Amino acid sequence: DAKTTQPTSMDCAEGRAANLPCNHSTISGNEYVYWYRQIHSQGPQYIIHGLKNNETNEMASLIITEDRKSSTLILPHATLRDTAVYYCIVRASSGGSNYKLTFGKGTLLTVNP
Amino acid sequence: GAVVSQHPSWVICKSGTSVKIECRSLDFQATTMFWYRQFPKQSLMLMATSNEGSKATYEQGVEKDKFLINHASLTLSTLTVTSAHPEDSSFYICSAPNGQTNTEAFFGQGTRLTVV
């Protein structure tokens with residue numbers, strides 16, 4: 001799986017949009033960009049994933065650059081409960097039997113009141 | 001939606017004893033589950049892949065005789081930390097892929113193990 005680079009930490013004001021960047025310059029054509037987050041002392045939670053088109057769901061939006069070398073996770077209206085470590089992971093989508101994830105250090109997002 | 005449940009949420013044990021952690025998929029079947037370990041202020045590290053009806057696959061550097069994994073049914077995998085020592089104190093997390101979509105993984109809430 002391709003390596004990803006994320007900032008160590010970010011701050012965001014409550015109610016504002018949080019934009020979390022991720023670089024994945026060595027991504028290959030069959031690899032997807034996944035985002036998970038981990039709230040303190042809990043297991044990770046899936047947020048969103050995409051291949052090349054921008055994606056949106058009830059939790060967030062994912063913007064992938066045209067060359068696919070970077071992406072941005074957007075939380076449109078951050079709340080205090082969004083404070084967590086956010087992981088950007090690149091992996092080839094395959095069958096469930098091979099669904100292991102390689103976690104980097106992620107970005108600690110702190111949402112401030 | 002699909003849920004993965006771990007038990008116990010936390011456990012304290014004495015050095016030299018064994019501890020069993022259970023991971024259950026509550027409303028779906030999981031032929032494969034994954035066990036991770038997370039030390040304080042570090043990221044998750046994959047320990048092993050648990051395969052229903054066959055032997056687990058361990059990542060390099062993980063002692064298979066110390067971390068026993070059993071996946072006897074399609075909804076239950078167990079991790080037993082044998083002869084636990086203080087350095088085994090960690091946050092253990094299991095996951096199972098969404099078998100319907102194969103797009104995301106569901107994670108348990110984790111088990112905090114403290115060996116004294």
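Refer to the structure presented above.
Residues numbered from 1 in each chain as written. Chains lettered and ligands numbered in written order. Predicted model: local features only at pLDDT ≥ 70, side-chain atom pairs only at ≥ 80, totals over all residues. Heavy atoms only, no water.

Enquirer: Is there a simple way to think about the state of the cysteines in this case?
Expert: In a disulfide, the sulfur atoms of two cysteines are covalently bonded to one another. Summed over the entire model, instances satisfying the criterion amount to two disulfides over all chains. Shown here is the disulfide that connects C22 of chain A with C88 of chain A, its sulfur atoms set 2.1 Å apart. Taking the sign of the S-S torsion, about -80° here, the bridge from C22 of chain A to C88 of chain A comes out left-handed. In this pair, C22 of chain A is assigned in strand β2 (residues 18-23) and C88 of chain A in strand β8 (residues 84-92), connecting sequence segments 66 residues apart. Here C22 of chain A matches C88 of chain A in class, with each residue buried. Bridging C23 of chain B to C94 of chain B, the disulfide has an S-S length of 2.0 Å. Every disulfide takes its handedness from the sign of the S-S torsion; for C23 of chain B and C94 of chain B that torsion is 80°, giving right-handed. Of this pair, C23 of chain B sits in strand β3 (residues 19-25) while C94 of chain B sits in strand β9 (residues 90-97), and the two are 71 residues apart along the sequence. (Disulfide = S-S within 2.5 Å. Helix = DSSP H or I, 4+ residues; strand = E, 2+ residues; numbered from the N terminus. Buried < 20%, exposed > 50% of the residue type's maximum accessible area, 1.4 Å probe, protein only.)

Enquirer: Just checking my understanding: could you explain the nonpolar core for this structure?
Expert: Considering soluble globular proteins, one finds that nonpolar side chains tend to be buried as a cluster. Counting residues in each nonpolar core, the largest one holds 25 residues, and the members touching the most others are V4, W35, F67, L79, Y92 and L113 of chain B. Elements with a minimum of two residues in this core: β2 (10-13), β3, β4 (32-38), β5 (45-51), β7 (67-73), β8 (76-81), β9 and β11 (111-115) of chain B. Not counting residues within four places of it along the chain, the set of residues in contact with F67 of chain B comprises R37, M47, Y58, V62, L79, T80, V81, D88 and Y92 of chain B. Ranked by size, the runner-up nonpolar core spans 21 residues in total, among them C12, I27, W35 and L75 of chain A. (Core = buried A, V, L, I, M, F, W, Y, C linked by side-chain atoms within 4.5 Å. Contact = heavy atoms within 4.5 Å.)

Enquirer: Just to check I follow, could you spell out the pairing of strand β7 (residues 70-75) of chain A for this structure?
Expert: Regular strands show a simple pattern: their side chains alternate between the two faces of the sheet. Residue and element names in this part refer to chain A. As paired strands, β2 and β7 are joined by six bridges and run antiparallel to one another. Note on β7: the bridge partner recorded for A18 is L75. Bridging between strand β6 (residues 61-64) and β7 involves four bridges; their strand directions are antiparallel. Each residue of the ladder has a partner; that of L62, found in β7, is L73. What sits between the antiparallel neighbours β6 and β7 is a turn of five residues, in which R68 has the positive phi angle 65°. (Pairing = 2+ DSSP bridges.)

Enquirer: Honestly, the sheet that holds β3 of chain B in this entry has me stumped. Any pointers?
Expert: Picture the strands of a sheet paired through backbone hydrogen bonds; they go either parallel or antiparallel. Residues and elements named next belong to chain B. The strand order across the open sheet formed by four strands is β1-β3-β8-β7, and the pairing between neighbours is antiparallel. Only two strands of the sheet have a single partner each, and these edge strands are β1 (4-7) and β7. Taking each pair of neighbouring strands and ignoring which way they run, the sheet shows an average axis angle of 15°. Sheet topology note: the β7/β8 ladder contains five bridges and is antiparallel. Following the sheet pairing, L68 is matched in β8 by T80. (Axes fitted to C-alpha atoms, helices over the stretch in contact; angles between N-to-C directions.)

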